[in-house]
Amino acid sequence: MSIEAVRSRTTWAQLPDGVRALVSERTGPVVTATSHEGGYSPGMAATLVTEGGDRVFVKVASRVQNEFSAELYRREAAVNEALRPVAGQLPAPAFRWSAELETGGNTWVMLAFDAADGPGPGIPWQPGDLAEALDLVAAVGRVAAPEDPAIESISALEFGEWAALELAPASLLDSVGEAAGWLAPRLEQLAGLAAQWPEATEGTALVHHDLRADNMVRSGGRLLAVDWPYASRGVPWLDLLGMLPSVALEGGGEPEELFTGRPVGAAADPGAVTVAVAALTGMFLHRSLQPPPAGIPHLRGFQRDQGLVGVRWLQERLR
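Just so you know, these numbers come straight off a predicted model, no measurement behind them.

### Considering the packing of helix α9 (residues 238-249) against helix α12 (residues 270-288)
With their axes 11 Å apart at the nearest point, α9 and α12 run at an angle of 45° to one another. Taken together, the axis directions place α9 and α12 in an arrangement best described as oblique. Crossing hand, α9 versus α12: right-handed. Between α9 and α12, the residues in contact are L238, L241, G242 and P245 and V273, A276, V277, L280 and F284, respectively. Across the contact of α9 with α12, the residue classes break down as 8 nonpolar, 1 polar and no charged.

### Here we look at the pattern of salt bridges
Overall, the coordinates contain 16 salt bridges when judged by the stated rule. Taking the shortest distance from any N to any O, the salt bridge between R96 and D54 comes out at 2.7 Å. In this pair, R96 is assigned in strand β4 (residues 95-103) and D54 in the loop between β2 (44-50) and β3 (55-62), connecting sequence segments 42 residues apart. Using a relative accessible area of 29% as the deciding quantity, one classes D54 as partly exposed. Here R218 makes a salt bridge to D129, at a shortest N to O gap of 3.9 Å.

### A look at the packing of aromatic side chains
The full count for this structure, using the stated rule, is 4 aromatic pairs. Look at F95 and F113: their rings are 5.4 Å apart centre to centre, the planes differ by 50°, and that puts the pair in the tilted class. Residue F95 is located in strand β4, and its partner F113 is located in strand β5 (residues 106-114); the two are separated by 18 residues in the primary sequence. Owing to a relative accessible area of 8%, F113 belongs among the buried residues under this scheme. Seen in terms of ring centroids, F159 and W197 are 4.4 Å apart; in terms of plane orientation they differ by 50°. Their pairing is tilted. Of the two residues, F159 sits in the loop between β7 (152-153) and α4 (161-167) while W197 sits in helix α8 (residues 197-201), which places them 38 residues apart along the sequence. Accessibility assignment for this pair places F159 and W197 in one class, buried. Cluster of aromatic residues (ring-pair linked, three or more members): W237, F259 and W313. The residue whose ring lies beneath R26 is W97, and the NZ or CZ to ring-centre distance is 5.0 Å.

Cut-offs applied
- In this numbering scheme, every chain counts its residues from 1 along its sequence in written order.
- Predicted model: local features are reported for residues with pLDDT of at least 70 only, side-chain atom pairs are reported and counted for 80 or more only, and whole-chain, interface and lining totals are derived from all residues.
- The side-chain figures draw on all heavy atoms in the structure; neither hydrogens nor water molecules are used.
- For every element, the axis is a line fit to its C-alpha atoms; helices are fit only across the contacting stretch, and the angle between N-to-C directions ranges from 0 to 180 degrees.
- What counts as a helix is a DSSP run of H or I of at least four residues, what counts as a strand is a run of E of at least two, and both are numbered from the N terminus.
- Oblique is the label for every angle not falling under 35 degrees (roughly parallel), over 145 degrees (roughly antiparallel), or within 65 to 115 degrees (roughly perpendicular).
- Rotating anticlockwise by less than a right angle from the far helix to the near helix defines a left-handed crossing, while the corresponding clockwise rotation defines a right-handed one.
- Contacts are assigned to residue pairs with any non-hydrogen atoms lying within 4.5 Å of each other.
- Amino acids are sorted into nonpolar (Ala, Val, Leu, Ile, Met, Phe, Trp, Tyr, Cys and Pro), charged (Asp, Glu, Lys and Arg) and polar (every other residue, Gly among them).
- Just to be clear on terms, a salt bridge is a Lys or Arg side-chain nitrogen sitting within 4 Å of an Asp or Glu carboxyl oxygen.
- Any residue under 20% of the maximum accessible area for its type is buried, any over 50% is exposed, and the rest in between are partly exposed; the area is computed with a 1.4 Å probe on protein chains only.
- Between 30 and 60 degrees the pair is tilted, below 30 it is stacked and above 60 it is edge-to-face, where a pair is any two Phe, Tyr or Trp rings, Trp via its six-membered ring, whose centres lie within 6.5 Å.
- When the NZ atom of lysine or the CZ atom of arginine is within 6 Å of a ring's centre and also within 35 degrees of its normal, the charge is said to sit over that ring.

Right, here's the structure in full:
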C-alpha cells in the first residue's frame, strides 16, 4: 500500500500550551505552522516560521499517544548528537536541538532541525527522482559511522522471525496468498539464512536503516535523508537493499535489477545479500501479523506488502 495512506498526526494547535511555549522559547515566537502528513508516526511534524523569519522543522511525540514513538524520538536525539562530528558529510538537514517536557501526566519529546524547502520524491517513482534517491543512499554509505555508543553495530541485531513463524506457520501462510506454496517448505532454510545476519552485515559504514521516499526531503536543490533513530554501523550496501521493497511497491522497478545495477550493490558479496534479504523479509512478514500500533493503522499492511516483495526477491535469488 502507499506510504501516503491516511493516518492521524497531531497538529501544532493541538499541542499543550506548555509544549508550544517550550518550543517557542527555543525558536522564537511562532507565527505560522505547516503540518506534514505521511510517514509512520502519529506525532506532530511541522515547519514553524518565527517572527524573525526563521524556518524550523519540529517533531513532537508523546508517551500517552504512542510510547514507542516517544522512545524513538529519544533515541533519535541521541543519534543526532552522535552524528555531529560527521555533520559536514551527512546528506541530512542540520540538527538543532532536542527537549522533553513532563506535563499533565504525559511526557513530550521534541526535536528541531533546519526546515527543508520541499517534499521528497513523488510517488509513483519517476526515473530522475529514483536516480537522485539512489545517489543519496550511496552517499550515506560513504560516510564512516562515528565511534559512539549511540551508533551501534547493525550486526548485533537478531532476526529470529522465520524461526518463530516456523513454529506457528498457519497465520503467515494464510496472509501471503500465492506465496504460501513456495514458503511452506522453506521456513527452516530461511531461518538458517537469517541467522547468518551478524557475519553478513558487519562493517564500518553509516547505515540509516530506514530509508524510503517518505524519509527524504528536498533542500538547497538536493535530496536529504531525515529520521535517523535507527542509524547504525554496517556494510555500505544495506540501505540500498532495505529501501528496494518499498521502491518496488511504488513503481520504481524490481529489487534485483536495481540492486545489482548500482556500484555498491554490484560489489556486494552475493551470499551476504541473500542473507540480508531473508532476514528483512522475515521481519516484515512477522511484524505484519502483529496488532497495529496506536495511531498508525496502515503500518501492518505496508509491512506485509514489503515482505511479499522480499519473498519474490528470494525466489529469484534461491532458484
